[in-house]
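# Analysis of the macromolecular model
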Amino acid sequence: MTRREPSVAIDGPAGAGKSTVSRLVAEKLGYVLLDTGAIYRSVALAAKEAGISWDDSERVSELAHAIAERKGITFRVVDGAPRIFLDEKDVSAQIRVHDIAQGASKVSAIPAVRDALLDVQRAAAAGGGVVLEGRDIGTVVLPDAEAKFFLTASVDVRAKRRHDELSANGAAPTLAEVLADVRERDHRDSTRAVAPLRQAEDAELVDSSGLSIEEVVSRIVDRVRAIRASAK
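In what follows, the accompanying structure is described. (Residues numbered from 1 in each chain as written. Predicted model: local features only at pLDDT ≥ 70, side-chain atom pairs only at ≥ 80, totals over all residues. Heavy atoms only, no water.)

## Things to note about the pattern of salt bridges
Heads up, the rule is: Criterion for a salt bridge: a side-chain nitrogen of Lys or Arg within 4 Å of a carboxyl oxygen of Asp or Glu. Helix and strand assignments come from DSSP, with helices taken as H or I runs of at least 4 residues and strands as E runs of at least 2, each series counted from the N terminus.
Scanning all chains against the criterion turns up 16 salt bridges. The partner of aspartate 164 in a salt bridge is lysine 160, and the shortest N-O contact between them spans 2.8 Å. Of the two residues, aspartate 164 and lysine 160 are both situated in helix α7 (residues 155-168); the distance of four residues between them amounts to about one turn of the helix. Ionic contacts of the salt-bridge type, sharing partners, join the residues Arg135, Asp189 and Arg192 into one network.

## What about the packing of helix α2 (residues 36-49) against helix α4 (residues 98-107)?
The condition that has to hold: What counts as an axis is a line fitted to C-alpha atoms, over the stretch in contact for a helix, and the angles between N-to-C directions run from 0 to 180 degrees. Just so you know how the angles are binned, under 35 degrees is roughly parallel, over 145 roughly antiparallel, 65 to 115 roughly perpendicular, and the rest oblique. By the convention used here, residues are in contact when the closest approach between their heavy atoms is within 4.5 Å. Only Asp, Glu, Lys and Arg are considered charged, only Ala, Val, Leu, Ile, Met, Phe, Trp, Tyr, Cys and Pro nonpolar, and every remaining residue, Gly among them, polar.
Across the interface, α2 lies against α4 with an axial gap of 8 Å and an inter-helix angle of 105°. When the axis of α2 is compared with that of α4, the two are roughly perpendicular. Note on element contacts: α4 touches α2 through Asp99, Ile100, Ala101, Gly103, Ala104 and Val107, opposite Tyr40, Arg41, Val43, Ala44, Leu45 and Lys48. Among the residues making up the contact of α2 with α4, the classes are represented as eight nonpolar, one polar and three charged.

## Regarding the sheet that holds strand β3 (residues 73-78)
Going by this rule: A strand pair is defined by DSSP finding two or more bridges across the two strands.
Pairing is antiparallel in the open sheet, where three strands are placed in the order β3-β4-β5. Because the sheet does not close on itself, it has two edges, and the strands there are β3 and β5 (89-90). Relative to strand β4 (residues 81-86), β3 is paired through six bridges, and the arrangement is antiparallel. Residue pairing across strands places threonine 74 opposite phenylalanine 85, the latter belonging to β4.

## A few points about the packing of α2 against helix α5 (residues 111-125)
Describing two packed helices takes the angle between their axes plus the distance from one axis to the other. Note the following rule: Handedness of a helix crossing follows the sense of rotation of the near helix relative to the far helix, less than a right angle counterclockwise being left-handed and clockwise being right-handed.
Where α2 meets α5, the axes come as close as 11 Å, and the angle between the chain directions of the two elements is 135°. With respect to α5, the element α2 is oriented oblique. You can see that α2 and α5 cross each other, and the crossing is right-handed. Of α5, the residues touching α2 (which contributes Thr36, Ile39, Tyr40 and Val43) are Val113, Arg114, Leu117 and Gln121. Counted by class, the contact of α2 with α5 contains five nonpolar, two polar and one charged residues.

## A word on the side chain of serine 208
Stated precisely, the cut-off is as follows: A 1.4 Å probe rolled over the protein chains alone gives each residue an accessible area, and that area as a share of the maximum for its type sets the label: buried under 20%, exposed over 50%, partly exposed in between.
Looking at where serine 208 falls in the secondary structure, it is placed in the loop between β8 (204-207) and α9 (213-230). Given the relative accessible area of 2%, serine 208 is considered buried. Those residues within four positions of serine 208 in sequence are excluded, and the remaining contacts are Ala16, Leu151, Thr152, Ala153, Arg161 and Val216.

## Considering the nonpolar core
Heads up, the rule is: For this analysis, a nonpolar core means a set of buried residues of the types Ala, Val, Leu, Ile, Met, Phe, Trp, Tyr and Cys, connected via side-chain atoms within 4.5 Å.
The biggest cluster of nonpolar side chains holds 27 residues, and the ones touching the most others in it are Val43, Val60, Ile67, Ile73, Ile95, Val113 and Leu117. Counting only elements with at least two residues in this core, the list comes to α2, α3 (57-69), β4, α4 and α5. No other element matches α2, which puts eight residues into this core. The residues contacting valine 113, other than those within four sequence positions of it, are Tyr40, Val60, Ser61, Ala64 and Val107. Within the second largest apolar cluster, 20 residues are counted, among which are Val8, Tyr31, Ala147 and Phe149.

By themselves, these are just geometric observations and shouldn't be taken as functional.
Next up, the structure:
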């Protein structure tokens, strides 16, 4: 009988480094990376392109259900790198811009949108051997995940990281603007009525404020391997 590989849930606030850490963890473990935040960003992008306000919960919900029904969001590996496609269009770069990140935070707070995408995420992770990152993976999407982590950092560190990322991509918000946005997202994500951002009771806290990416990845990979070994 083939042993089931663990599912890895990595949650945390904006700017904590979840995307980079999750990608590297998946690579080292040989697991599939499922970026759930990218799913919501893709819905936000689709709404923007369709001229739908992110505050129009009814129309955004209809759009999300339609995308889910036609399996319009897919993850693929292209030239060794994970990419996300929206209706067969590679939107990996488009969904990483500043305003789409804000839109994702808004649309992800809509209950019907989360319902539309929940089964998609669970089905993709059903076989194990996956890494999922987001804000409610360990609490809502995969509450039975074998390995759970809550990755965070101080708000100032997270804002600086986010500012550097945006600057590298050609955006030009000030550090003060990014800091204000990060604080706003923290408040919105942690106080929303549905699936608020919080650490699962059985998740391991990883504060990356004073750690390098390599140190964070090593800590998580070692822990997952220990969990895998204990399940034999």
